[in-house]
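Each chain is listed here by its residues.
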Amino acid sequence: MYAYIKGKISEINPTNIVVDNNGIGYEVVVANPYEYQLNEEKIVFISQQVREDSNILYGFSNKDQKKVFLLLLKVKGVGPKSALAILAGGTSEEIIGAIENQDVKYLMKFPGIGKKSAQQIILDLQDKVDFSMTNISSAPTVVNNYLSDAMLALEALGYSKKELTKIEKKLSAFDFAGVDEYVKQGLKLLMNAN
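Rules and cut-offs
Residues numbered from 1 in each chain as written. Predicted model: local features only at pLDDT ≥ 70, side-chain atom pairs only at ≥ 80, totals over all residues. Heavy atoms only, no water. 1 Å grid on protein atoms, 1.4 Å probe; cavity = no way out; pocket = protein on both sides within 12 Å on 5 of 7 lines; lining within 4 Å. Points joined across faces, edges and corners; volume = space filled by probe spheres on them. Nonpolar A, V, L, I, M, F, W, Y, C, P; charged D, E, K, R; others polar. Buried < 20%, exposed > 50% of the residue type's maximum accessible area, 1.4 Å probe, protein only. Helix = DSSP H or I, 4+ residues; strand = E, 2+ residues; numbered from the N terminus. Expected span 1.5 Å × (residues − 1). Contact = heavy atoms within 4.5 Å. Axes fitted to C-alpha atoms, helices over the stretch in contact; angles between N-to-C directions. Parallel < 35°, antiparallel > 145°, perpendicular 65-115°, else oblique. Left-handed = near helix turned anticlockwise from the far one by under 90°. Salt bridge = Lys/Arg side-chain N within 4 Å of Asp/Glu carboxyl O. Core = buried A, V, L, I, M, F, W, Y, C linked by side-chain atoms within 4.5 Å. pLDDT = per-residue confidence, 0-100.

### A word on empty space enclosed by the protein
This structure, assessed with the given rule, holds 1 cavity of 30 Å³ or more. Approximately 30 Å³ is the volume attributed to the largest cavity. For the largest cavity, the full set of lining residues is Val30, Ala31, Asn32, Glu35, Tyr36, Gly59, Phe60, Ser61 and Gln65. Split by residue class, the lining of the largest cavity holds 4 nonpolar, 4 polar and 1 charged.

Here you go:
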């Protein structure tokens, strides 16, 4: 099992990054690839998920994100894609707060999470979450790219083309310096639409 990979970010794609460590490129699926900068030296915390037909590395910018991801995977009906979508739209602190406060509506804002799933998350994790997780900080960095990359990233998180079409015009009105800001604003618009 991998705990983390320290290396240079050599590629940024809509669903993943590639971390170059001593000439080996590790493809790592992350919640928001555009929070990383190309050629940046970075420690990426890793969760390796081995299934019958796949062996995927999931990456996180801090240990708390990884802890929340692993907790979410313990919930019946929540897979890695849903867990990543939740982490992309909320901070570890916000997600833990929603579980602690039994905030079903907050959890329902994420793609693929209906009322039953939100209730299941709260039920399964209510007694397992350390509600004192407070040293959470993940200052995002920006990579210059296009709105279309942000739309691809949002689609990869599970939002439908219909949902994305509704917010694309609103997003295009913003003049952000990079994809990360478009993704964040897109998530806000999508969450408010639900």
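Having seen it, we continue.
### Topic: helix H2 (residues 80-89)
With 8 of 10 residues buried, H2 lies mostly within the body of the structure. Within the sequence span of H2, burial applies to Pro80, Ser82, Ala83, Leu84, Ala85, Ile86, Leu87 and Ala88.

### Looking at helix H8 (residues 179-193)
An ideal rise of 1.5 Å per residue puts 21 Å on 15 residues; H8 measures up with 21 Å between its terminal C-alpha atoms. Every buried residue of H8 is listed here: Val179, Asp180, Tyr182, Val183, Gln185, Gly186, Leu187, Leu189, Leu190 and Met191. Residues of H8 that are buried make contact with H2, helix H6 (147-156) and helix H7 (161-172).

### Quick notes on the packing of H7 against H8
Following both chains from N to C, one finds H7 and H8 inclined at 120°, their axes separated by 10 Å at the closest point. On the basis of their axis angle, the class for H7 and H8 is oblique. The crossing of H7 and H8 is right-handed. Of the residues in H8, those in contact with Glu163, Leu164, Ile167, Lys170 and Leu171 of H7 are Tyr182, Gln185, Gly186, Leu189 and Leu190. Tallied by class, residues from the contact of H7 with H8 come to 6 nonpolar, 2 polar and 2 charged.

### Things to note about the pattern of salt bridges
Per the stated rule, a full pass over the model turns up 2 salt bridges. Ionic pairing is found between Asp64 and Lys67, a salt bridge with its closest N-O pair at 4.0 Å. Residue Asp64 and its partner Lys67 are both found in helix H1 (residues 63-73); the two are separated by 3 residues, about one turn of the helix. For Lys67, a relative accessible area of 47% corresponds to the partly exposed category. The salt bridge involving Glu155 is made with Lys161; its shortest N-O contact spans 3.2 Å. Classification of Glu155 by relative accessible area gives partly exposed; the value is 31%. Taking the relative accessible area as the measure of exposure, Lys161 reaches 57% and is therefore exposed.

### Here we look at the nonpolar core
Nonpolar side chains in soluble globular proteins tend to end up buried together. Grouped together as the largest cluster of nonpolar side chains are 61 residues, with contacts concentrated most on Ile17, Val28, Leu107, Ile121 and Leu154. The element that contributes the greatest number of residues to this core is H8, accounting for 7 residues. In contact with Val28, other than residues within four places in its own chain, are Asn16, Ile17, Val19, Val44, Ile46, Leu57, Tyr58 and Gly59.

### A closer look at the environment of Phe69
Structurally, Phe69 is set in helix H1. Placed 66 residues apart in sequence, Phe69 and Ala3 show a C-alpha to C-alpha distance of 14 Å. Each residue touching Phe69, except ones within four places of it in the same chain, is listed here: Ser47, Gln49, Tyr58, Phe60, Pro80, Ala83, Leu84 and Leu87.

### Overview of the confidence of the model for the protein chain
Of all residues in the protein chain, 90% attain a pLDDT of 70 or more, and the chain-wide mean is 85. Note on residues 134-145: pLDDT under 50 across the span, and 34 contacts to partners over four residues away in sequence or across chains.

### A word on the layout of surface pockets
Each pocket or cavity is described by its volume, and for the largest pocket that value is around 470 Å³. The wall of the largest pocket is formed by 21 residues, among which Ala88, Gly89, Gly90, Thr91 and Lys184 lie closest to the centre. Elements with a contribution of two residues or more to the lining of the largest pocket: H2, helix H3 (92-100) and H8. By residue number, the principal contributor to the lining of the largest pocket is H8, which donates 5 residues. Each residue belonging to the lining of the largest pocket can be placed in one class, and the counts come to 7 nonpolar, 8 polar and 6 charged. Size it by volume and the second largest pocket reaches roughly 180 Å³. Around the second largest pocket sit 15 residues that line it, and Thr15, Val29, Lys81, Leu84 and Ala156 are the ones nearest its centre. Every element with two or more residues in the lining of the second largest pocket is listed here: strand E3 (24-30), strand E5 (54-60), H2 and H6. By residue number, the principal contributor to the lining of the second largest pocket is H2, which donates 4 residues.

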